[in-house]
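Structural overview
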Amino acid sequence: MRTTLLLLLIIGVFCTNGKSQDKNYAHKVTQELASKEFFGRGAVNNGDILAARYIAMAFKQLNVSPIGKSYLHPFEISINTFPDSLSLKIDETELTPGSDYMVGGGSPSVDGRFELVHLDTTQLQNTKELAAELTGKVAVLPAIAEKDKRTYELNAEGYIFTRAKKLYWRLSDAVTTRSYFYFHTYDSLISNAKEVDVKINSVFYKDYKTANVMATIEGTTHRDSFYVFTAHYDHLGMMGDETIFYGANDNASGTAMILDLARHYSLPENKPEYSMVFMAFAAEESGLFGSKYAAENPPIDLSKIKFLFNLDMVGSGSEGIGMVNAKLEPKADSLIRVINEENNYFTDIRSGGASCNSDHCAFAEKGVPAIFIFTRGEEQPHYHTPLDKGKLALTKWDELFQLLIEFTERY
Ligand SMILES: [Zn+2]
């Protein structure tokens, strides 16, 4: 009896302290960061700062050192937020924020009832004539019109952009406020409607304080050469006082990956040869501001970075991985493919070119060798909706983790 118990204890120690990932730790981190306590890790209720402190505490618990005096590296952004009640009624039907509609990130406060004018994009050829008719009214247009300058020559009181399917919220338009309010909704919910009742309470911050979180583990032989692992920890926050965008896959998953890597390298038996740096960025969702700030004000010498991996949305993997910027890093790209073939980690690896679609970009543009990895697969389908929550699949967690560890040993 006693021997069995001892044996189990030894196995237990091997399992947690061996050279490996800890999927349970990853589940714990993603579920906590994507819980309602963090309000979707945006500016509303300082959800982002609460998350930053949580990550700093996690690094501290792992005995991983801050870079400089503090784990937190503060900076400021401009951001429009929707912390209070929000309502959109089409004719007499009250719609649900986050599922029936998304409020435009740059919308100012408004409270009123407006007549709807349904238009198609061909009518944007006569905006001058239409403008008189649209004073004090709301234009309903297909979503494609949002990017068309002529749309705003209509001088409508507000705009409703419609889609057949797949609504998602974004905040890249929330760094400023507009002179009109706007929403995105489904064609089917508004096609025959005559009026709209709108209530938006927006709060704009010109200088909102947020912070990146950074930590490091010194290398045993190459102290002055770094592998850097980055992930944005912020998400979209709240749309009104009830709807939270939890951001489990986007990007509690990537944040958990850098914490799991920090946990691994913090163990005495896994001390890395090269110094390891972990950067959790804020304000990705509103325009990659955390990584831009970090690349402009780097806490380490950028020329000493051996390689940088950005991890953004890594909760799936059933269909393999995607690698942005890999075509510009052929040596890294082929090593990853060799490691994958030797171990059969992923069914498919897709290498892409340069793209400023996540936090690797600001570093790549400064000449830092960098690849952004995301996992592919339908098991986490709820991109930028309140349904990106709950326990993640983490289908290829172990494989991605091992791939990254092995890369740092062989590159
Ligand atoms: Zn996102």
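Residues numbered from 1 in each chain as written. Predicted model: local features only at pLDDT ≥ 70, side-chain atom pairs only at ≥ 80, totals over all residues. Heavy atoms only, no water.

**Observations concerning the packing of helix α2 (residues 23–33) against helix α3 (residues 47–61)**
Helix packing geometry: the angle between the two helix axes and the distance between the axes. Where α2 contacts α3, the two axes come as close as 11 Å, and the packing angle between them is 155°. When the axes of α2 and α3 are compared, the pair comes out roughly antiparallel. Regarding α2 and α3, the two cross each other, and that crossing is right-handed. On α3, the residues touching Y25, K28, V29, E32 and L33 of α2 are A51, Y54 and A58. When grouped by side-chain class, the residues that make up the contact of α2 with α3 number six nonpolar, no polar and two charged. (Axes fitted to C-alpha atoms, helices over the stretch in contact; angles between N-to-C directions. Helix = DSSP H or I, 4+ residues; strand = E, 2+ residues; numbered from the N terminus. Parallel < 35°, antiparallel > 145°, perpendicular 65-115°, else oblique. Left-handed = near helix turned anticlockwise from the far one by under 90°. Contact = heavy atoms within 4.5 Å. Nonpolar A, V, L, I, M, F, W, Y, C, P; charged D, E, K, R; others polar.)

**Brief notes about the packing of aromatic side chains**
Enumeration according to the criterion identifies 27 aromatic pairs in this entry. For the ring pair Y159 and Y180, a centre distance of 5.2 Å and an interplane angle of 85° mean the geometry is edge-to-face. Separated by 21 residues along the polypeptide, Y159 in strand β8 (residues 158–163) and Y180 in the loop between β8 and β9 (181–186) bring together distant segments of the chain. Taken individually, Y159 and Y180 each receive the classification buried, so the pair is uniform in this respect. Ring centres 6.1 Å apart and planes at 70° place the aromatic pair F181 and F183 in the edge-to-face group. The pair F181 / F183 is uniform in exposure class, with both members buried. Each residue in the set F59, Y71, F229, F278, F307, F309, F407 and Y411 is aromatic and connected to the rest through ring pairs, giving one cluster. Over the face of the ring belonging to Y411 we find K331, whose NZ or CZ atom lies 4.1 Å from the ring centre. (Phe/Tyr/Trp six-rings, centres within 6.5 Å; stacked < 30°, edge-to-face > 60°. Buried < 20%, exposed > 50% of the residue type's maximum accessible area, 1.4 Å probe, protein only. Lys NZ or Arg CZ within 6 Å of the ring centre and 35° of its normal.)

**Some words on the pairing of strand β12 (residues 222–232)**
Counting buried positions over the 11 residues of β12 gives eight, a clear majority of the element. Note that β12 and strand β15 (residues 274–281) share eight bridges and pair parallel. Note on β15: the bridge partner recorded for A231 is A280. As paired elements, β12 and strand β16 (residues 305–311) share five bridges and run parallel to each other. Directly across from T230, in β16, lies its bridge partner N310. (Pairing = 2+ DSSP bridges.)

**Quick notes on the pattern of salt bridges**
When the charged atoms of two side chains with opposite charge come close together, those side chains can pair. Overall, the coordinates contain 19 salt bridges when judged by the stated rule. Between E76 and K209 there is a salt bridge; the shortest N-O distance is 3.3 Å. Of this pair, E76 sits in strand β2 (residues 72–81) while K209 sits in strand β11 (residues 203–217), and the two are 133 residues apart along the sequence. Exposure remark for K209: the relative accessible area of 55% places this residue in the exposed category. (Salt bridge = Lys/Arg side-chain N within 4 Å of Asp/Glu carboxyl O.)

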